[in-house]
Amino acid sequence: MSSVTLKNVYKKYNGGVIAVSDFNLEIEDKEFIILVGPSGCGKSTTLRMIAGLEEISDGELYIDGKLCNDVPPKERDIAMVFQNYALYPHMTVFENMAFGLKLRKMPKDEIKRRVEEAARILEIEHLLARKPAALSGGQRQRVALGRAIVRNPKVFLLDEPLSNLDAKLRAQMRTELTKLHQRLNTTFIYVTHDQTEAMTMGTRIVVMKDGFIQQISAPQNLYENPVNLFVATFIGSPQMNTINGTVVDEGGVTYIQIGKARVALPESKGRKPEVLAYTGKEVILGVRPENIHDEEIFLSQFPDDLVDADVEVVERMGNENYLYLVCEGRQFTARVANSSTAKAGDKIKVAFDAPKIHLFDKDTEKTITN
C-alpha cells in the first residue's frame, strides 16, 4: 500500500504569507495524481510538505495511514525527482544511482542488481560509466528517475521534472513516465504548470490557484465540466474563449445576447432553472476553440447561433487551422478543419456549437451550466 492523505493542511510563512490553505486530498494506492496550476499557486510547496522538506503549519499528513507530520524525510519511504536533476557531477551514472543505497549500507551485490535493473527499465545501461556532463538533458532526467527507482519507494514525488527539456523530448518523456508508472505499479505525485502534461498523464488532476484547490477530477471530466471560470480557461489548449452576454428568454427559447449577435441554447441547457434564474442578467459565455466552426455544414446546422467575425490571423498547423478572430469586439480563437478557406482580412460567419457552450456567473465566476 502507498496511499497519501492530506487533511486540512496549511503552509504559513513569517509575515502572514499563506502559501497553501485548507488542502484536503486522498491519494489512493498506485494513483498518478497531478498537481497543476500557475506559478505561485502552492503546488510545489505541497509536494515539499509531503516530502518533509517543508514543515506543515497546520493539518495532518498520513502515508499508509501513519501520521507523518514529524517523521524525518529519510524515514517516509518516498523518493523525489527534482526539476534540476540534482546529479553529482564528479560521479558516474552508476555512482549517482547507487549513492542513496550506499548511504543505507546495502550489500554491494544488491546495489549492483538494483542499479542495473533500473537502468534496464530506463534503457540507460550503456550510460552507466559516463558522468552527467557527457549526457543530454533527457538522459540526465532518466538518471534522476533511476536514482529514485532503485530505492523501491512507496511514493514517487516529481517536481516539474520535464520543464528543462525541449518540446519534442518533453512529449517523449511524458509517454515514458506513463509507461514507467504502469511498470512500477506504485503511487506517483507529479507537479507541473503545464496543463498538457496534466491532461495526458494523470489519473486525477488537482487544479490549484492562490494556495486553494479549485477542482479535483479525472482529466476528461475536468475538461468537460469545469466548476469555475479559472479551471475552464486553465485547462485546454488553446484556452477557452470567453465573452460577456445577457440571458434572454423569448418564445420559450433561451438566448445569450452578445452585442448584436444572439446564440440560442438547446432546450436541455437553456431551460434549466439555474439558467433561467439569470434571465435579464449578464453572464460569461465560454466556448472552446474546437467548438467554433466556419464550415458550411455547421453554419446550416446552427442557423440561430451564427456570429459575425473578422479574421485577423490564420495559422495553418497541417492537420487543422487556428483562426484568430474578432467577434463583437472580443478576440476569439477557432480551431477549424484544414479545408477552411478563411484568410486574414476576411469577414466571415462562425457557428458556436451551442450544446457545448459553458455559462459562468459574472461575479463569482462559478459554473452555471456546462
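An account of the accompanying structure is given in this report. Source: prediction; values computed, not measured.

Analysis parameters
Residues numbered from 1 in each chain as written. Predicted model: local features only at pLDDT ≥ 70, side-chain atom pairs only at ≥ 80, totals over all residues. Heavy atoms only, no water. Helix = DSSP H or I, 4+ residues; strand = E, 2+ residues; numbered from the N terminus. Buried < 20%, exposed > 50% of the residue type's maximum accessible area, 1.4 Å probe, protein only. Contact = heavy atoms within 4.5 Å. Areas by Shrake-Rupley, 256 points an atom, 1.4 Å probe, with all protein chains shown as cover. Lys, Arg positive; Asp, Glu negative; His and termini not counted. Charge placed at Lys NZ, Arg CZ, Asp CG, Glu CD. Phe/Tyr/Trp six-rings, centres within 6.5 Å; stacked < 30°, edge-to-face > 60°. Lys NZ or Arg CZ within 6 Å of the ring centre and 35° of its normal. Pairing = 2+ DSSP bridges. Salt bridge = Lys/Arg side-chain N within 4 Å of Asp/Glu carboxyl O. Axes fitted to C-alpha atoms, helices over the stretch in contact; angles between N-to-C directions. Parallel < 35°, antiparallel > 145°, perpendicular 65-115°, else oblique. Left-handed = near helix turned anticlockwise from the far one by under 90°. Nonpolar A, V, L, I, M, F, W, Y, C, P; charged D, E, K, R; others polar. Polar contact = N/O pair within 3.5 Å; in protein donor to acceptor, adjacent residues only side chain to side chain.

**With respect to the overall build of the protein chain**
Move 1: For the protein chain, the count of helices and strands is eleven helices and 21 strands.
Move 2: Principal axes of the C-alpha set define a box for the protein chain whose edges measure 80 × 45 × 35 Å.
Move 3: Taking all 370 residues of the protein chain together, 49% fall into the buried category.
Move 4: When contacts within the protein chain are restricted to residue pairs at least 6 apart in sequence, long-range pairs at least 24 apart make up 66% of them.
Move 5: Taken as a whole, the protein chain presents about 17,400 Å² of accessible surface, with 48% of it coming from carbon and sulfur.
Move 6: Put simply, the protein chain has 47 plus and 50 minus side-chain charges, and the middle of one group is 8 Å from the middle of the other.

**Details of the packing of aromatic side chains**
Move 1: For the structure on display, the rule yields six aromatic pairs.
Move 2: Among the aromatic residues, those joined into a ring-pair cluster are Phe32, Phe156, Phe188 and Tyr190.
Move 3: Across from the ring centre of Tyr10, 5.2 Å away, lies the NZ or CZ of Lys12, which sits over that ring.
Move 4: The ring of Tyr223 has Arg288 lying over it, and the distance from NZ or CZ to the ring centre is 3.9 Å.

**As for the sheet that holds strand 19 (residues 347-352)**
Move 1: In space, the five strands of this open sheet follow the order 15-19-16-17-18, with antiparallel pairing throughout. Strand pairing shows two members of the sheet lacking a second neighbour, strand 15 (292-293) and strand 18 (330-337), which therefore form its edges.

**A word on helix 1 (residues 43-51)**
Move 1: Within helix 1, seven of the nine residues are buried, which leaves the element mostly enclosed by the surrounding structure.
Move 2: Among the residues of helix 1, Lys43, Thr45, Thr46, Leu47, Met49, Ile50 and Ala51 are the ones counted as buried.
Move 3: With its phi angle positive at about 95°, Gly52 sits one or two positions after the end of helix 1.

**Points about the pairing of strand 10 (residues 212-217)**
Move 1: Looking at chain direction, strand 9 (residues 204-209) and strand 10 are connected through five bridges and run antiparallel. Note that in strand 10 the partner of Val206 across the bridge is Ile216.
Move 2: The antiparallel pairing of strand 9 with strand 10 creates a hairpin that spans two residues between the two strands, and Asp210 there sits at a positive phi of about 50°.

**Here's the deal with the environment of Val326**
Move 1: Turning to its location among the elements, Val326 is positioned in strand 17 (residues 320-327).
Move 2: When the C-alpha atoms of Val326 and Asp308 are compared, they prove to be 8.6 Å apart, with 18 residues separating the residues in sequence.
Move 3: With near-sequence residues (within four places) excluded, Val326 lies in contact with Asp308, Ala309, Asp310, Glu312 and Gln331.

**Describing unusual backbone geometry**
Peptide bonds are, in most cases, trans, and in most cases residues other than glycine have a negative phi.
Move 1: In this structure, the amide linkage connecting Ser237 to the following residue, Pro238, adopts the cis form with an omega of -10°.
Move 2: Looking at where Pro238 falls in the secondary structure, it is placed in the loop between helix 8 (229-234) and strand 11 (241-250).
Move 3: The phi dihedral of Asn8 is positive, around 50°, even though this residue is not glycine.
Move 4: Tracing the backbone shows Asn8 in strand 1 (residues 4-12).
Move 5: When its relative accessible area of 41% is taken as the criterion, Asn8 is described as partly exposed.
Move 6: With a phi angle near 50°, Glu328 is a residue other than glycine that sits in the positive phi range.

**Observations concerning the pattern of salt bridges**
Move 1: In the structure shown here, the tally under the stated rule is 17 salt bridges.
Move 2: The salt bridge partner of Lys349 is Asp308, with a shortest N-O separation of 2.7 Å. On the criterion of sequence distance, the pair formed by Lys349 in strand 19 and Asp308 in strand 16 (residues 306-316) is long-range, its members being 41 residues apart.
Move 3: The exposure class of Lys349 is partly exposed, given its relative accessible area of 44%.
Move 4: Among the residues examined, Asp308 registers a relative accessible area of 47% and is labelled partly exposed.

**Digging into the packing of helix 2 (residues 93-103) against helix 4 (residues 137-149)**
Move 1: Here helix 2 crosses helix 4 at 30°, and the two axes come no closer than 8 Å. Relative to helix 4, the element helix 2 is oriented roughly parallel. Here helix 2 and helix 4 pass one another in a crossing that is right-handed. Contacts between helix 2 and helix 4 pair Val93, Asn96 and Met97 from the former with Val143, Gly146 and Arg147 from the latter.
Move 2: When the residues that make up the contact of helix 2 with helix 4 are grouped by side-chain class, the tally is three nonpolar, two polar and one charged.

**Considering the environment of Gln214**
Move 1: Inspection of the secondary structure assignment puts Gln214 in strand 10.
Move 2: Given the relative accessible area of 22%, Gln214 is considered partly exposed.
Move 3: In the structure, Gln214 is positioned 89 residues away from Pro303 in sequence and 36 Å away in space, judged by C-alpha atoms.
Move 4: At 3.0 Å, the side chain of Gln214 forms a polar contact with the side chain of Asn228.

**Some points on the sheet that holds strand 12 (residues 253-258)**
Move 1: Reading across from one edge, 13-12-11-14-20-21 is the order of the six strands in this open sheet, with antiparallel pairing throughout. Bordering the open sheet on either side are strand 13 (261-264) and strand 21 (367-369), each of which pairs with just one other strand. Along the sheet, successive strands turn relative to each other by an average axial angle of 40°, direction set aside.
Move 2: Inspection of the sheet shows strand 14 (residues 282-287) paired to strand 20 (residues 358-361) by four bridges, in the antiparallel sense. Bridging across to strand 20, Gly286 finds its partner in His358.

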